[in-house]
Amino acid sequence: MLDSDAYTDRVAEILEAHRGLEGPLLPILHAIQHAFGHVPDSAIPQIAAALTLSKAEVHGVVSFYHDFRDAPAGKHVIKLCRAESCQTMGADAVAERIKKALGVDWHGTTADGRVTLEPVFCLGLCACGPAAMVDGRLVGRVDESLVAEVAK
Amino acid sequence: MKIYVPLDSAAVALGADALVTAITSEAARRGVAVEVVRNGSRGMIWLEPLVEVASAAGRLGFGPMTLADVPGLFGDLTTHPKAIGLVEDHPWMRGQTRLTFARVGVVDPLSLDDYRAHGGLVGLDRAKSMTKAQIVTEVTDSGLRGRGGAGFPTGIKWRTVSEAAADQKYIVCNADEGDSATFADRMLMEGDPFTLIEGMAIAGLACGATKGYVYIRSEYPVAIRVMSQAVTIARAAGVLGAAFDMEIRVGAGAYVCGEETSLLNSLEGKRGVVRAKPPLPALQGFMGRPTVVNNVISLASVPVIMAKGAQHYRDFGLGRSRGTIPLQIAGNVKHGGLYECAFGLTLGQIVNDIGGGTASGRPVKAVQVGGPLGAWFPPSLFDTPFGYEEFAGKDGLIGHAGLTIADDTIDMLTMARFAMEFCAIESCGKCTPCRIGSTRGVETLDRLARGDSSAMPILTDLCNTMKLGSLCALGGFTPYPVMSAITHFPDDFARAKEAAE
């Protein structure tokens, strides 16, 4: 469990940095995911102990929210909006072409670990759809040329 | 030379950041001193990125700008191919009544001096000279109703919290703007964050609350950044402090957290599961304490109400829908964006006159008003005036005032199925009608799609159960898009039958 040891110290720092907050669990989970790219299983008992919660409660929170991952994503993450406004601008067809180009379905990661494709329900770019977020960067009026941007 | 390039998400998504780099290097190449201000968006999304150049006559607009258009900004501006003239004189701007969004797109969002110079903090200063009850009365008299969608009178909610006895009370701003076609909260937070801060500080005074939280969805990185910076600036300037302070919190991708009680659970670090009411959040909200939970636009409308008086605000509007509403015109539309005006325009005026019809040039088939839980309206209902009661009277809702326009290529059975699928994905799982009903709804619509018309009575019955039996609006309102699609577009459901035969 070398990995677990590597996580433990950093998780402890994060827990310490969030002491005194009211309702600190979401900020803690965001910080852990920011540090490791996912919320490692081994962090859950440590968080639970620090917040005097049960492991089940912490696991329940982690698994409730779409944002938190239990394993790292691919090198690049494409989030494509699936909501109604983007659909009226052809988002479904764009999504199908991107899925085909990448060879993955929603939530899938390409075999080489290069790209993860995630659905998102609204980025607030509803007057310039279809919208996407690529590695945290917002893109309006997208088409399948998005795939070329994450080819490297 | 002073040039404005929006930092707004929509402008950035269409290339604004690259324009800043190009403008800076072009200016350096020419030896011209340029000050670039990152403003909010004016709301004319079809013109984004909309770059503005300050001139003696006013701010000249250029859009939609591409990198190739940048050198032209340093030449004769009157012949620039993307020139739209004075931004303030643009018909889209002139037709509006900008009260809540008066400063958005105009000011530097992170300059408190700019904020003051454009009338900021006048409302807070006035509130400081008033009693709690007087502030609550002013907000009640303005007729302001919750802009998140429920339309509950803001002043009444404040009074409940104000009169509750507790050692600690809270102001929570719901910035979990998850509805498709809505982006007013985002634009306000990105373009004029101090207005929200001022509104929350006034709410704090009115209710005796010393602590506030803004719960912003994680899909809004720019809003999170701008709001966080603005809070730091406001704290350093003494606008926030011992009397009232606030924190920015980030959601984690759960649509249901836009519902106030699940938002409170999420803020407390729990699963975003809906709470049964009573107790009302106004009496037992965040950490079990009396809590105001208001939408961004509700809170951001308070400073202008306090600055100009309740009467000024309530003089706009129709019926019981007082004041202005920031319409968000989206989807397949020629002129999409944010348009703030008094309540009362008809749906047809909004879609055709302001929005200019579809982007594709094809006929408008349907407009979904109020987000994914709102009804689809056909052109035959385009005479409906935009107001809470007026839309309720046509079995619809205005919600957060977002409009998704769709052309005649849209299939309403597909959209009805999507509504159920979305509810199934986003249900918090607490109540059965929503958790199970949405999945059964998808299956039932699939039966209809296969031509099994015997599924129709089951779907109608299911929608009735969800509407009456769900704990919150997610399960309770999902029937709106489904039943409106069936009622107004029966052919789309019948065609599927013929295809199967």
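Residues numbered from 1 in each chain as written. Chains lettered and ligands numbered in written order. Predicted model: local features only at pLDDT ≥ 70, side-chain atom pairs only at ≥ 80, totals over all residues. Heavy atoms only, no water.

Visitor: I'm lost on the overall build of chain A in this one. Help?
Guide: For chain A, the count of helices and strands is 7 helices and 4 strands. Starting at the N terminus and walking to the C terminus, you meet the elements of chain A as α-α-α-α-β-α-α-β-β-β-α. In terms of its C-alpha atoms, chain A occupies a principal-axis envelope of roughly 50 × 35 × 25 Å. Burial statistics for chain A: of 152 residues in total, 55% are counted as buried. Taking as baseline every contact in chain A between residues at least 6 positions apart, the subset at least 24 positions apart corresponds to 59%. Each charge class in chain A was averaged separately, 14 positive and 20 negative side chains, and the resulting centres sit 7 Å apart. (Helix = DSSP H or I, 4+ residues; strand = E, 2+ residues; numbered from the N terminus. Buried < 20%, exposed > 50% of the residue type's maximum accessible area, 1.4 Å probe, protein only. Contact = heavy atoms within 4.5 Å. Lys, Arg positive; Asp, Glu negative; His and termini not counted. Charge placed at Lys NZ, Arg CZ, Asp CG, Glu CD.)

Visitor: For this particular structure, what's the right way to read helix α20 (residues 479–488) of chain B?
Guide: Every α-helical turn comprises 3.6 residues, leaving residues that sit three or four positions apart pointing alike. Judged by how many residues are buried, α20 of chain B sits mostly within the fold: 7 of 10 residues are covered. Looking only at α20 of chain B, the buried set comprises Pro-479, Tyr-480, Pro-481, Val-482, Ser-484, Ala-485 and Ile-486 of chain B.

Visitor: Please explain the sheet that holds strand β13 (residues 337–342) of chain B as it appears in this structure.
Guide: As a general point, the strands of a sheet are linked pairwise by backbone hydrogen bonds and lie either parallel or antiparallel. Residues and elements named next belong to chain B. Strand order across the open sheet formed by 5 strands is β13-β12-β16-β14-β15, with mixed pairing between neighbours. Looking along the sheet, the strands with just one partner apiece sit at the ends: β13 and β15 (376–377). Bridge count between strand β12 (residues 324–331) and strand β16 (residues 402–407): 4 bridges; the pairing is parallel. Looking at the pairing, Ile-329 lines up with Leu-403 of β16. (Pairing = 2+ DSSP bridges.)

Visitor: Explanation requested: the domain arrangement of chain B in the structure shown.
Guide: Accessible area lost when the parts come together is the quantity often used to give the size of an interface. Residue and element names in this part refer to chain B. Each assigned domain of chain B is listed here: domain 1 (2–94), domain 2 (112–313), domain 3 (323–407) and domain 4 (412–500). Of note, the centres of domain 3 and domain 4, computed from C-alpha atoms alone, are 22 Å apart. Three residues stand out in domain 3 for area buried against domain 4, namely Lys-365, Leu-373 and Trp-376, and they jointly supply 55% of the buried area on that side. Seen at the junction of domain 3 and domain 4, the total is 1 salt bridge. A salt bridge links Asp-492 to Lys-365, with the shortest nitrogen-to-oxygen separation between them at 2.8 Å. At the junction of domain 3 with domain 4, the criterion picks out 2 residue pairs in polar contact (both at pLDDT 80 or more). Mapped by element, the contributors of at least two residues to the side of domain 3 that touches domain 4 are β14 (364–369) and β15. At 3 residues, the largest contribution of residues to the side of domain 3 that touches domain 4 is made by β14. (Domains from an automatic or database assignment. Buried area = accessible area lost by both parts, 1.4 Å probe. Salt bridge = Lys/Arg side-chain N within 4 Å of Asp/Glu carboxyl O. Polar contact = N/O pair within 3.5 Å; in protein donor to acceptor, adjacent residues only side chain to side chain.)

Visitor: Sorry, what's going on with the interface of chain B and chain A here?
Guide: Contact with chain B, which involves 64 residues of that partner, is made by 37 residues of chain A. Summed over both sides, the interface between chain B and chain A buries roughly 3,700 Å², with carbon and sulfur atoms accounting for 59% of that surface. Sorting the residues of chain B by area buried against chain A places Ala-252, Arg-271 and Phe-418 of chain B first, and these three jointly supply 16% of that buried surface. The interface formed by chain B and chain A includes 1 salt bridge. Between Glu-421 of chain B and Arg-82 of chain A there is a salt bridge, with the nearest N and O atoms lying 3.3 Å from each other. Connecting chain B to chain A are 25 residue pairs in polar contact (both at pLDDT 80 or more). Every element with two or more residues in the side of chain B that touches chain A is listed here: α1 (9–13), β7 (211–216), α10 (221–236), β8 (245–250), α11 (260–267), β12, β16 and α16 (412–426) of chain B. Top element by residues in the side of chain B that touches chain A is α16 of chain B. It accounts for 6 residues. Classifying every residue of the side of chain B that touches chain A by side-chain character gives 36 nonpolar, 16 polar and 12 charged. (Nonpolar A, V, L, I, M, F, W, Y, C, P; charged D, E, K, R; others polar.)

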